[in-house]
Amino acid sequence: MKKIIALAIAVVVFNSCTSEKEKHQKEVQSYLDTYNQKYKELYSASSEGQWLVQTHIVEGDTMNAYKSGQADEAMAKYTGSKENIDKSTNYLKWEADLTELQSKQLHKILFLAAGNPESVSDVVKDLIKSGTAQTEKMYGFKFTIDGKEVTPNDINKILSESKDLNERLKAWQASKEVGVALKDGLVHLRDLRNKVVQALGYDDYFSYMVSEYGMKREEMMDLLYKFNKELYPLYRELHTYARYELAKKYNVKDVPDLIPAHWLTNKWGQDWNEMISVEGLNLDSALKTKDAEWIARQGEKFYVSIGYDSLPKTFWEKSSLYPVATDAGYKKNTHASAWHMDLDKDVRSLMSIEPNAEWYETVHHEYGHIYYYMTYSRPEIPYLEREGANRAYHEALGSMMGLAAMQKPFCVGLGLADSSAHIDMMKQLLKDAMNYVVFIPWSAGTMSFFEHDLYAKNLSPDQFNSRWWEIVKQYQGIAPPTERGEAFCDPATKTHINDDPAGYYDYALSFVLLFQVHDYIAKNILKQDVHATNYFGNKDVGKFIQEIMRPGGTGDWRKLLKDKTGEDLSARAMLDYFSPLMSWLKEENKGRVYTLADMK
């Protein structure tokens, strides 16, 4: 009898606990459903406002900026409301009873709230207004050379093609003038960003952004330093090679210890691949016979070939894919980007496509974002979690598609390269290294360490330029061509510093990720050399990538990576990819002086 009574009590207690758990989950789900729907509505309005600010810039017209600011304020007011902060905090007291997805969304609501908490609403309002003003000033800036107005593409063309160092210097200096106009705005934005997140307990804005990875600021900086150190031996060889080859190109007898910034094609020295021409695979030459629309459509054909749907009709109708005509009466942001306008079916891209290899690769990259949006936009994924597994995943998969689209078998299949043409494998590896490896000291070094100091150390404005060039020299081995005092603000010339702050390490981690995923695809699905793959038309490749994309942000990014590739985050695959290049570079650099500073 006693056993029966005890069993009955246990059943009652169990049912009571189950009932309480179900009650908690039901109440929380009701709140989350309401929040998600409102979040989508406000996000859509904010996206539309920002889209107009970046695609239709008319000097003196502030209406777009005003409307965008209104939409952003509404978004900030809701996500940062005391009501949502209190509700999420209280519901997390039931965390043990909630599903993993419910818990994840509540934490995401609090993360979003920290970006604009109601408790400092005046600061949030100022931040939104100041951010919009900075964006307008940045993209509406008039660049000039010798008093004549030029476009960013004009400057890029000079740095890409000219061998006249004086002309190059003028173009490089012109590209940096915008920083002077943006410095005060950057100081103000830094102070506002820190104040906003400190209201919910974060040390600084950089720490806040890192927290989305489930990491502390110090952990992230250690990881970034580790990547730089692992790649240092290869980067040292590349740096030495570049110094001597560029000195030859410009007929400079005394090879400088540091690479003068205006010697490089890229304004920030983040990519040196245009130094290298690979015989038999001159995509620029092949693409000159095409037009910009061919490149835009070809990107879609690739994704469809591996099992994705065609891009929606609205993508072609609403995107801004090509350069604005000089007589259009307005300007736009020329930096390529992909937009998930409503967290659902409205996807767009902002580009200025021209028929060359750089834009060909960029199209494949940006469409990677677009197809990631489309893949996780399904009913099972709440709007709050319609994002990458972490921020780096989005960039990784886009960049991987760009890499795949540049490999010989892929290009041969499109008729952009001759299958019988001999391609110097080492030159191809060198060109790739000048892109991917060279990018790490820039992204995981210069950008990340500067923004760390800007926010976490509250870097004084009278040290912005000196600290910037100190880090550039340390990690990239690059020097300014002329004295760059504090009257300049060269870090502010990089768009992300202004309008996408404190997360540039996303790109560094994405490159490490892309080589891990590509390594797995090449070896386990395609059974091909990692240096010579062809994804085109392979549905198994598409299925594998879609499996990574489908969960969006609903799971643990570390577990997803381990489950799909069998490895934790590691530079192993990247180092392996470029390992054949090391001995070749050492031979080329015999007798040359190494000047890149050692890493401790």
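Computed from a predicted structure; not experimentally measured. (Residues numbered from 1 in each chain as written. Predicted model: local features only at pLDDT ≥ 70, side-chain atom pairs only at ≥ 80, totals over all residues. Heavy atoms only, no water.)

Some points on the overall build of the protein chain
Per the secondary structure count, the protein chain includes 22 helices and six strands. On C-alpha atoms alone, the protein chain measures out to a radius of gyration of 25 Å, which is about the 25 Å that the 2.2 N^0.38 rule sets for 600 residues. For the protein chain, the C-alpha atoms occupy an extent of roughly 100 × 55 × 50 Å along the three principal directions. For the protein chain, the proportion of its 600 residues judged to be buried stands at 56%. Carbon and sulfur atoms make up 51% of the accessible area of the protein chain, which totals about 26100 Å². Considering the protein chain, the positive charge centre built from 73 side chains and the negative charge centre built from 85 side chains are found 2 Å apart. (Helix = DSSP H or I, 4+ residues; strand = E, 2+ residues; numbered from the N terminus. Rg over C-alpha atoms; globule rule 2.2 N^0.38 Å. Buried < 20%, exposed > 50% of the residue type's maximum accessible area, 1.4 Å probe, protein only. Areas by Shrake-Rupley, 256 points an atom, 1.4 Å probe, with all protein chains shown as cover. Lys, Arg positive; Asp, Glu negative; His and termini not counted. Charge placed at Lys NZ, Arg CZ, Asp CG, Glu CD.)

Brief notes about the nonpolar core
Leu238, Tyr360, Tyr367 and Phe578 are the most contacted members of the largest nonpolar core, which totals 159 residues. The element best represented in this core is helix 16 (residues 425-456), accounting for 16 residues. Counting 20 residues, the second largest nonpolar core, distinct from the first, contains Val28, Tyr31, Ile85 and Ala113. (Core = buried A, V, L, I, M, F, W, Y, C linked by side-chain atoms within 4.5 Å.)

Quick notes on a negative patch on the surface
On the surface, Glu161, Glu274, Asp284 and Glu358 cluster together to form a negatively charged patch. For Glu274, the position within the fold is in the loop between strand 3 (259-260) and helix 10 (283-287). The partly exposed category is assigned to Glu274, whose relative accessible area is 40%. (Patch = residues over 30% accessible without salt bridge, like charges linked within 9 Å, V, L, I, M, F, W, Y side chains within 5 Å. Salt bridge = Lys/Arg side-chain N within 4 Å of Asp/Glu carboxyl O.)

Observations regarding unusual backbone geometry
One non-glycine residue, Leu343, adopts positive backbone phi at about 60°. As for its placement among the helices and strands, Leu343 is situated in the loop between strand 4 (337-340) and strand 5 (347-350). Among the residues examined, Leu343 registers a relative accessible area of 4% and is labelled buried.

Concerning the pairing of strand 4
Every second residue of strand 4 is oriented toward a common face, with Ser337 and Trp339 on one face and Ala338 and His340 on the other, all of them buried. The pairing of strand 4 with strand 5 spans four bridges and is antiparallel. Counted as the bridge partner of Trp339 is Arg348 from strand 5. Linkage of strand 4 to strand 5, two consecutive antiparallel strands, is achieved through a turn of six residues, within which Leu343 is found at a positive phi near 60°. (Pairing = 2+ DSSP bridges.)

Some details on the side chain of Arg467
With respect to the element layout, Arg467 can be found in helix 17 (residues 464-476). If we ignore the near neighbours within four places in the chain, the residues touching Arg467 are Asp453 and Leu459. (Contact = heavy atoms within 4.5 Å.)

Section: the pattern of salt bridges
By the definition in use, this model includes 35 salt bridges. The partner of Glu212 in a salt bridge is Arg391, and the shortest N-O contact between them spans 2.9 Å. Taken together, the residues span a long stretch of sequence, with Glu212 in the loop between helix 8 (205-211) and helix 9 (217-249) and Arg391 in helix 14 (residues 391-404) at a distance of 179 residues. Across the salt bridge formed by Arg217 and Glu218, the nearest N and O atoms sit 3.2 Å from each other. We classify Glu218 as partly exposed; its relative accessible area is 45%. Three or more residues joined by partner-sharing salt bridges are found here, namely Lys108, Glu212, Glu387, Arg391 and Asp506.

Details of helix 20 (residues 539-549)
Considered for burial, the residues of helix 20 that qualify are Val541, Gly542, Phe544, Ile545, Gln546, Ile548 and Met549. A distance of 3.0 Å separates the backbone nitrogen of Asp540 from a side-chain oxygen at the start of helix 20, and that oxygen is part of Asn538. (Polar contact = N/O pair within 3.5 Å; in protein donor to acceptor, adjacent residues only side chain to side chain.)

Some remarks on the packing of aromatic side chains
For the structure shown, the criterion picks out 45 aromatic pairs. Among the aromatic side chains, those forming a connected cluster through ring pairs are Tyr436, Phe439, Trp442, Phe450, Phe464, Trp468, Tyr504, Tyr507, Phe511, Phe515, Tyr577 and Phe578. Lying across the ring of Trp294, Lys290 places its NZ or CZ 4.7 Å from the centre. Its guanidinium or amino end placed over the ring of Trp268, Lys494 lies 4.2 Å from that ring's centre, counting from NZ or CZ. (Phe/Tyr/Trp six-rings, centres within 6.5 Å; stacked < 30°, edge-to-face > 60°. Lys NZ or Arg CZ within 6 Å of the ring centre and 35° of its normal.)

Notes on the environment of Ala114
Residue position: Ala114 is located in helix 4 (residues 100-114). Sequence spacing of Ala114 and Asn589 is 475 residues, and the spatial spacing of their C-alpha atoms is 51 Å. Non-local contacts of Ala114, meaning those with residues more than four positions away in its chain, are made with Val196, Val197, Leu200, Tyr202 and Tyr208.

Regarding the packing of helix 9 against helix 19 (residues 505-526)
Where helix 9 contacts helix 19, the two axes come as close as 11 Å, and the packing angle between them is 50°. On the basis of the axis angle, helix 9 is oblique to helix 19. The hand of the helix 9/helix 19 crossing is left-handed. For the pair helix 9 and helix 19, contact is made by Met220, Leu223, Leu224 and Phe227 and by Tyr505, Leu509 and Val512, respectively. Here the contact of helix 9 with helix 19 is built from residues that sort into seven nonpolar, no polar and no charged. (Axes fitted to C-alpha atoms, helices over the stretch in contact; angles between N-to-C directions. Parallel < 35°, antiparallel > 145°, perpendicular 65-115°, else oblique. Left-handed = near helix turned anticlockwise from the far one by under 90°. Nonpolar A, V, L, I, M, F, W, Y, C, P; charged D, E, K, R; others polar.)

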